[in-house]
Amino acid sequence: MRSLSILLLIPFVASGTATAQQYTATPITSANSPIFSANLFDLNNKGQVLGAACITNCGVNPFPAVWSNGTFQALPIPPGYVFNASARDFKINDSGSVVGNVRQPVTLNGNAIQLPQVVLWQNGNPTVIQPPASLFPGCSGPPSSLSSALNSSGHILILTSFTADPSFPYPGRCYAYWIYPTGSSTLSFPFPPQCLGLPGAAAHPMSFDALPFKGMNDADQVLENIVNSYCGPPYVNPAPTTTYDPAVIQPGGSFSYLPASSLTFAGAGGARSEEIDNLGIVQGFETNSSGQPTAVIWDGNGVHVLGPGLVTWLNNVGQALYAPGNSPLLWQSGVATSIQFPPGISPVGGSTLNDAGQITAADALNHFYLLTPSGTCGQDVTSQTQVTAGGFRYNHATTRFTQAVTVTNAAGSSITGPISLALDNLPATATLFGISGATQCLPPQGSQYTNLATSSSLASGGSVSAILQFFNVEKSGVSYQPRVITGPGRR
């Protein structure tokens, strides 16, 4: 029996340009159905699109809605609240749960105002989320909250402030980020280590970015942008300008700063992080000396300045959707792959990218489309194989569960590579680390998969083994139905 054993790693590829990927377009608006009236908000791995929709009078009566396979589902606004169509506050996960913001009309100090509040829609039913009193002892006045991120397990990153907090908008006991439903606070103001030796460092207050462009991945790692007017790059006191120092905060409260690029050290004003994927890759932007945004990626190989423009989305395969000069690219591990959209369709400000490689885009008339990578499909050979899975072990160093799996060719002839293992019906609390993608071509859509052998075929009786790694923030059981997909083509 021939066997091959591998440990799943993420390879680094030298910088270059790969062959253009082509897409087919599915319209998500039509004359006989609701239409999305604003930038699209989010796209999950099931191909469900979240956005602001309308039927008539789109400038006055928009509502949140989910498009799925040609059907719209309107999300009701809780009584007494008003829809707040802000793209940065709305997310949808693979379970179909949606988080977003509404506004609550209140009278404060004789003034009529609208306070933002976080709403969670599950099975289409809305629940307004209230901040835990334990995180805000002694705070008074009505709270306001904004949602920043929603992960696979249903954890929501929320920014809550109380109007009576005299320190607003700076850090105070009545102003904090926290995670629902755990109630744990992520409020942390890690002082840049380069600043610690400078005069007055111990007494200088730090604050964080008031705009909730924060990211959180399935391991509950959170991004934070520290507003630094004390000793920002090039780390002297006084700083030549206020900067934003991006940091990654771990669930236990420890933190690490993302390295500054040469652009930052040139005095461009620091960097802002926006999204973090399950690999720990971060996308964000810096501002160059001309005031133009410049796309930046942080990964295990350091910081990469992509060039003028903004990265619009980052998926868990490590791909970033990037459109310099409106010419879309997929950037991954130093390789920029050009994207060939159908004629007349281009990325928009709210374009999104999922783990299956699907992208949302629009035409000149602001009609929206779901773009799906085109090409042949692989072959489901599960019935011709035997999958043997070991028990789960927890690795305290990586905070991930591990499991050994072996796929054996039980057919009478060889199986053509590549060989992929898809995990169907994986619980929402568990996420496969280091995925190669999510299935789309072969149903069910949205199952995470990993490539066990990238090119070689598997002879009859032969086997291929791997060590799978899982995030599971709930520390609960992991179960799934294995599916073996082989041959060239999409999964």
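None of the values given here were measured: they were computed from a predicted structure. (Residues numbered from 1 in each chain as written. Predicted model: local features only at pLDDT ≥ 70, side-chain atom pairs only at ≥ 80, totals over all residues. Heavy atoms only, no water.)

Things to note about the state of the cysteines
Part 1 of the argument: Summed over the entire model, instances satisfying the criterion amount to one disulfide.
Part 2 of the argument: Sulfur-sulfur distance for the disulfide between C377 and C441 comes to 1.6 Å. Handedness here is read from the sign of the S-S torsion; for C377 and C441, about -55 degrees, the answer is left-handed. Here C377, found in the loop between β31 (368–373) and β32 (379–380), pairs with C441, found in the loop between β37 (437–438) and β38 (448–453); they are 64 residues apart in sequence, far enough to count as distant. (Disulfide = S-S within 2.5 Å. Helix = DSSP H or I, 4+ residues; strand = E, 2+ residues; numbered from the N terminus.)

Examining the sheet that holds strand β21 (residues 271–276)
Part 1 of the argument: Strands sit in the order β21-β22-β23-β24 across an open sheet of four strands; the sheet is antiparallel. At either margin of the open sheet sits one strand with a lone partner, and together these are β21 and β24 (302–308). If you compare each strand with its neighbour and ignore which way they point, the axes differ by 25 degrees on average.
Part 2 of the argument: In terms of strand pairing, β21 meets strand β22 (residues 282–287) through five bridges, oriented antiparallel. Paired with S273 across the two strands is G284, which belongs to β22. (Pairing = 2+ DSSP bridges. Axes fitted to C-alpha atoms, helices over the stretch in contact; angles between N-to-C directions.)

Re unusual backbone geometry
Part 1 of the argument: Across the junction of Y180 and P181, the peptide omega takes the value 5 degrees, indicating a cis bond.
Part 2 of the argument: Within the fold, P181 resides in the loop between β15 (175–180) and β16 (184–185).
Part 3 of the argument: That bond from G417 to P418 is cis: its omega, -5 degrees, falls within 30 degrees of zero.
Part 4 of the argument: With respect to the element layout, P418 can be found in the loop between β34 (400–409) and β35 (419–424).
Part 5 of the argument: Positive phi values are uncommon outside glycine, yet N69 reaches one of about 50 degrees.
Part 6 of the argument: Secondary-structure assignment places N69 in the loop between β6 (63–68) and β7 (71–74).
Part 7 of the argument: With a relative accessible area of 73%, N69 lands in the exposed category.
Part 8 of the argument: We note that K475 has phi near 55 degrees; this positive angle belongs to a residue other than glycine. (Buried < 20%, exposed > 50% of the residue type's maximum accessible area, 1.4 Å probe, protein only.)

What about the nonpolar core?
Part 1 of the argument: Grouped together as the largest cluster of nonpolar side chains are 23 residues, with contacts concentrated most on L421, L423, L426, L468, F470 and Y480.
Part 2 of the argument: Looking at this core, the elements that each hand over two or more residues are β34, β35, β36 (430–432), β38 and β39 (463–472).
Part 3 of the argument: When sequence neighbours within four positions are dropped, the list of residues in contact with F470 reads F392, R400, F401, Q403, L423, L426, T431, L432, F433, V478 and Y480. (Core = buried A, V, L, I, M, F, W, Y, C linked by side-chain atoms within 4.5 Å. Contact = heavy atoms within 4.5 Å.)

With respect to the environment of V478
Part 1 of the argument: Mapped onto the secondary structure, V478 falls in the loop between β39 and β40 (481–486).
Part 2 of the argument: On the basis of relative accessibility, which here comes to 13%, the residue V478 falls in the buried class.
Part 3 of the argument: For the pair V478 and L426, spaced 52 residues apart in sequence, the C-alpha separation works out to 7.2 Å.
Part 4 of the argument: Not counting chain neighbours up to four residues away, the residues in contact with V478 comprise F392, L426, P427, A430, F470 and N472.

Section: the pairing of β21
Moving residue by residue along a regular strand, the side chains alternate between the two faces of the sheet.
Part 1 of the argument: Taken across its six residues, β21 has six buried, putting it largely inside the fold.
Part 2 of the argument: Once β21 ends, the chain turns through five residues before running back antiparallel as β22, passing G280 with a positive phi of about 85 degrees.

Quick look at the confidence of the model for the protein
Part 1 of the argument: The predicted model of the protein averages 83 in pLDDT, with 83% of residues at 70 or higher.
Part 2 of the argument: Counted against residues more than four places away or in other chains, residues 1–18, with its pLDDT under 50, gives 45 contacts. (pLDDT = per-residue confidence, 0-100.)

What to know about the packing of aromatic side chains
Part 1 of the argument: This model, assessed by the stated rule, comprises 10 aromatic pairs.
Part 2 of the argument: Ring centres 5.8 Å apart and planes at 85 degrees place the aromatic pair Y23 and F341 in the edge-to-face group. Linking Y23 in strand β2 (residues 16–27) with F341 in the loop between β28 (335–340) and β29 (345–346), this pair joins segments that are 318 residues apart in sequence.
Part 3 of the argument: Centre to centre, the rings of F41 and F90 are 4.8 Å apart; their planes meet at 25 degrees, and the pair counts as stacked. Residue F41 is found in the loop between β3 (35–36) and β4 (42–43), and its partner F90 is found in the loop between β8 (82–83) and β9 (91–92); the two are separated by 49 residues along the sequence.
Part 4 of the argument: Judged by relative accessible area, which is 3%, F41 ranks as buried.
Part 5 of the argument: Residue class for F90 comes out buried when judged on its relative accessible area of 0%.
Part 6 of the argument: An aromatic cluster of at least three residues, connected via ring pairs, comprises F41, F83, F90 and W121. (Phe/Tyr/Trp six-rings, centres within 6.5 Å; stacked < 30°, edge-to-face > 60°.)

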